[in-house]
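Letter by letter, the chains look like this.
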Amino acid sequence: MRVTFTVNGAPVTVEDVWPGESLLYTLRERMGLPGSKNACEQGECGSCTVVLDGVTACSCLVAAGQVEGRSVRTVEGLAEGSQLAPMQQAFVEAGAVQCGFCTPGLIVQASDLIERNPEPSDLEIREALAGNLCRCTGYEKILDAVRLAARRRATR
């Protein structure tokens, strides 16, 4: 089947999509967008988080055919050219990137949180990131990064 949708602001058409193909597979393997990570394939870890029509979703649970006519934003779509997005920069500066496997999903989810709630409490940050698992960091540096990005956004 053919699927036409918008990815990171650009219209795309993907040919020969098989009925059971996930959006994650389409993004990574067909479109060369490796930012969304393939980890659990069950929607449990959040490593493949994207924004689908303004709502975060695990791309491993979305059939590619379901995005026909819709809009998808991946972690690659957060940056502006070679300029890191504010959340991406905050993750780097706070040392919240370790192995990097969970990082793209966390950044997408945290960016979405800050867009919806520019001054989240620690509890709101924790709740927003609850579906994103990290085995390396212990989460404190991730929380520091989200706080840093929120503070910077508030002073713009």
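Further up the page is the structure itself.
This one's a predicted model, so the numbers in the text were calculated from it and none came from an experiment.

K.L.:
Please give an account of the environment of R2 that cites residues and values.
P.N.:
Mapped onto the secondary structure, R2 falls in the segment before β1 (3–7). Setting aside chain neighbours within four positions, we find R2 in contact with T13, V14, E15 and E68. A distance of 2.8 Å separates a polar atom in the side chain of R2 from a polar atom in the side chain of E15.

K.L.:
Give a detailed account of the sheet that holds β1, specifying residues and quantitative values.
P.N.:
Read across the sheet, five strands follow the order β2-β1-β5-β3-β4 without closing on themselves; strand pairing throughout is mixed. Sheet topology places β2 (10–14) and β4 (55–58) at the edges, where each strand pairs with a single neighbour. Strand-to-strand, the axes of this sheet are offset by a mean angle of 40°, without reference to chain direction. Of the pairings in the sheet, the one linking strand β3 (residues 49–52) to strand β5 (residues 71–73) comprises two bridges and is antiparallel in character.

K.L.:
Account for the pairing of β4, naming residues and giving values.
P.N.:
In the sheet, β3 pairs with β4 via four bridges, with the strands oriented antiparallel. Directly across from L52, in β4, lies its bridge partner V55. Counting the residues that bridge the hairpin from β3 to β4 gives two residues, and of these D53 lies at a positive phi of roughly 50°.

Basis of the calculations
- Residues numbered from 1 in each chain as written.
- Predicted model: local features only at pLDDT ≥ 70, side-chain atom pairs only at ≥ 80, totals over all residues.
- Heavy atoms only, no water.
- Helix = DSSP H or I, 4+ residues; strand = E, 2+ residues; numbered from the N terminus.
- Contact = heavy atoms within 4.5 Å.
- Polar contact = N/O pair within 3.5 Å; in protein donor to acceptor, adjacent residues only side chain to side chain.
- Pairing = 2+ DSSP bridges.
- Axes fitted to C-alpha atoms, helices over the stretch in contact; angles between N-to-C directions.

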